[in-house]
Amino acid sequence: MSEDAFIVSPTKKHTGTIIFLHGLGENGENWKLLLSKMVKPNIKVICLNAKKIPLTLNKGFPTAAWFDLTSLDENKLEDETSIMRAVDNLHDIIDDEIATTKVSATKTMLAGFSQGGALAMYAALTYHKRLAAVLTMSSWPLMRNTLPEAAVNNTNIPMLQCHGTEDPVIFYRWGLNLNDVLKELNPNKYEFKSYEGLMHAVNDQELQDVKNFINKIFP
């Protein structure tokens with residue numbers, strides 16, 4: 001695997017995989033601990049760790065990030081080159097994992113929080129094989145000028161989007177922007193859940209909803 005990661009290894013025959021991407025400035029360790037309590041023993045969880053890159057949003061200071069961000073203003077231009085490099089890299093990681101484990105794309109879920117969730121969703125919609133599902137938390141529509149036209153695949157797989165109504169980082173209205181795109185793309189298998197008063201974090205109800213979603217995908 002081209003990225004280092006915190007991994008929950010299956011203790012029974014490996015039949016499904018979750019690839020999870022953390023938020024800006026984090027790593028996968030805390031998500032490994034959370035997700036390890038949710039999955040059944042036949043599921044592998046790969047909590048990838050982003051490399052530290054000079055982040056424009058952080059005045060060039062090296063920060064763990066999947067791609068460069070110049071601003072969190074929804075009207076500012078995105079660094080499309082950096083984003084597409086991250087998308088291609090994630091596609092390669094999925095391909096490598098499938099080739100190594102022989103667990104198919106249809107048994108592979110993409111998931112993530114904040115920046116990681118935005119990347120997971122865009123990567124799912126542009127991946128060349130059908131995936132099991134995609135989950136995004138506290139995220140926004142990436143490459144919004146090319147969505148939904150760029151969505152060439154996985155527009156009818158199970159999707160769960162979660163967002164806190166008081167998020168001061170990735171504003172709730174940005175989550176609603178993503179909601180607008182996804183419910184049009186995927187009216188039958190997409191679900192949006194909001195959490196009253198929740199900031200840029202997760203709470204017990206959201207974690208329970210995530211667990212229920214995972215166990216619906218991997219019964």
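We now turn to the structure provided with this report. Quantities reported herein were computed from a predicted structural model and do not represent experimental measurements.

Here is what the cut-offs are and how they apply
- Residues numbered from 1 in each chain as written.
- Predicted model: local features only at pLDDT ≥ 70, side-chain atom pairs only at ≥ 80, totals over all residues.
- Heavy atoms only, no water.
- Helix = DSSP H or I, 4+ residues; strand = E, 2+ residues; numbered from the N terminus.
- Buried < 20%, exposed > 50% of the residue type's maximum accessible area, 1.4 Å probe, protein only.
- Contact = heavy atoms within 4.5 Å.
- Areas by Shrake-Rupley, 256 points an atom, 1.4 Å probe, with all protein chains shown as cover.
- Phe/Tyr/Trp six-rings, centres within 6.5 Å; stacked < 30°, edge-to-face > 60°.
- Disulfide = S-S within 2.5 Å.
- Pairing = 2+ DSSP bridges.
- Axes fitted to C-alpha atoms, helices over the stretch in contact; angles between N-to-C directions.

Attention now goes to the overall build of the protein. Counting its secondary structure elements, the protein contains five helices and nine strands. Its C-alpha atoms give the protein principal-axis dimensions of roughly 45 × 35 × 35 Å. By residue count, 51% of the 219 residues in the protein fall in the buried class. A fraction of 74% describes how many contacts in the protein between residues 6 or more apart in sequence connect residues 24 or more apart. For the protein, the accessible surface area stands at approximately 10,000 Å², while carbon and sulfur atoms represent 51% of it.

A word on the packing of aromatic side chains. Throughout the structure, instances matching the rule amount to four aromatic pairs. Look at Trp31 and Phe113: their rings are 5.4 Å apart centre to centre, the planes differ by 35°, and that puts the pair in the tilted class. Taken together, the positions of Trp31 in helix 1 (residues 29-36) and Phe113 in strand 6 (residues 108-113) put the pair 82 residues apart, joining distant regions of the chain. Taking relative accessible area as the criterion, Trp31 reaches 5% and is therefore assigned buried.

In this section: the state of the cysteines. Under the criterion given, the structure shown has zero disulfides. Summary of cysteine pairing: Cys47 is not part of a disulfide, and the nearest cysteine sulfur, belonging to Cys162, is at 16 Å. On the basis of relative accessible area, Cys47 is assigned to the buried category, the value being 0%. We classify Cys162 as buried; its relative accessible area is 0%.

Attention now goes to the sheet that holds strand 7 (residues 133-137). Hydrogen bonds along the backbone pair up the strands of a sheet, which may run parallel or antiparallel. One open sheet accounts for seven strands, arranged 1-3-2-6-7-8-9; its pairing is mixed. For this open sheet the edge positions go to strand 1 (5-8) and strand 9 (190-195), each flanked by a neighbour on one side alone. On average, adjacent strands in this sheet sit at an angle of 15° to one another, irrespective of strand direction. Where strand 6 and strand 7 come together, five bridges link them in parallel fashion. Across the sheet, the residue bridging to Met109 is Ala133, located in strand 7. Together, strand 2 (16-21), strand 6, strand 7, strand 8 (159-164) and strand 9 form the strand contacts of helix 5 (residues 204-217), whose direction differs from that of strand 7 by roughly 170°.

Of the pairings in the sheet, the one linking strand 4 (residues 52-55) to strand 5 (residues 61-64) comprises four bridges and is antiparallel in character. Bridging from a neighbouring strand, Pro54 pairs with Pro62 of strand 5. In sequence, strand 4 turns back onto strand 5 through a hairpin of five residues, with Lys59 there showing a positive phi of about 55°.

These values are about where atoms sit, not about what they do.
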